[in-house]
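Close look at the chain arrangement
The primary structure of each chain is shown beneath.
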Amino acid sequence: MIRWLRRQDKTAAPGGKAQGGKTSLLAPLAGLAAGLALLVLAVGLFVYAQMYGPGPRPPMGQPVNEITFSRGMSVTAMGRELEKQHIIHSAGMFRFAAKLRGRAGALRAGTYDFPAGASLITVLSQIEQGKVVRNFVTVPEGRTSAQVVRILMAAPYLTGDVDVPPEGSILP
């Protein structure tokens, strides 16, 4: 084995035992330490690759990685949805990264558009910063309140109902 790590005693018996009958523990301890160091290194490389490596490619026919998170959605639910939509590899790693960064409670609701192959850290940062998709509605000047409501209801990306406000209450 690792003979150079063993302490050689001039009075050692032929079986490798020292004078007192005790074997040297240096070699097994060195092997154990090296094995643990390799294990820690492997786990560290795996976590780094999961967090900073490229994310999954979207399936064919899915042009945009757009996803909506509702208010009050948990980190676990966000991770599951991101994994289901093929934006990240692992929901558990997403939750781990959010808690590791101390920002698990600071993730913001909204509709997000993620580039294909974005890393987990890129996705997490975008949600932390609230970089949501912005949709604009143009209301021409001079429209009545009822016409403004019809324009808003015709927008495909807006949901919900709007009551018609009194005339003159919508300022330019």
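Residues numbered from 1 in each chain as written. Predicted model: local features only at pLDDT ≥ 70, side-chain atom pairs only at ≥ 80, totals over all residues. Heavy atoms only, no water.

**Considerations on a nonpolar patch on the surface**
On the surface, L25, L29, L32, L36, L39 and V43 cluster together into a nonpolar patch covering about 600 Å² of accessible area. Residue position: L39 is located in helix 1 (residues 26-52). (Patch = residues over 30% accessible without salt bridge, like charges linked within 9 Å, V, L, I, M, F, W, Y side chains within 5 Å. Areas by Shrake-Rupley, 256 points an atom, 1.4 Å probe, with all protein chains shown as cover. Salt bridge = Lys/Arg side-chain N within 4 Å of Asp/Glu carboxyl O. Helix = DSSP H or I, 4+ residues; strand = E, 2+ residues; numbered from the N terminus.)

**Some remarks on helix 3 (residues 91-100)**
A91, M93, F94, A97 and A98 are the residues of helix 3 that are buried. Each buried residue of helix 3 lies within a common arc of 160 degrees when the element is viewed along its axis, so the set occupies one face. Exposed and oriented more than 90 degrees from the buried face of helix 3 are K99 and L100. Contacts made by the buried residues of helix 3 are with helix 1, helix 2 (75-84) and helix 4 (120-129). Regarding helix 3, its N-cap is S90, as a side-chain oxygen of that residue lies 3.4 Å from the backbone nitrogen of G92 further along. G102 sits one or two residues past helix 3 and shows a positive phi near 75 degrees. (Buried < 20%, exposed > 50% of the residue type's maximum accessible area, 1.4 Å probe, protein only. Arc of directions from axis to C-beta. Contact = heavy atoms within 4.5 Å. Polar contact = N/O pair within 3.5 Å; in protein donor to acceptor, adjacent residues only side chain to side chain.)

**Focus: empty space enclosed by the protein**
Applying the stated rule across the entire model yields one cavity of 30 Å³ or more. Roughly 30 Å³ of volume is contained in the largest cavity. If you trace the largest cavity, you find it lined by Q50, G53, P54, G55, P56, I87, I88, H89, A118, S119 and L120. For the lining of the largest cavity, a count of residues per class yields six nonpolar, five polar and no charged. (1 Å grid on protein atoms, 1.4 Å probe; cavity = no way out; pocket = protein on both sides within 12 Å on 5 of 7 lines; lining within 4 Å. Points joined across faces, edges and corners; volume = space filled by probe spheres on them. Nonpolar A, V, L, I, M, F, W, Y, C, P; charged D, E, K, R; others polar.)

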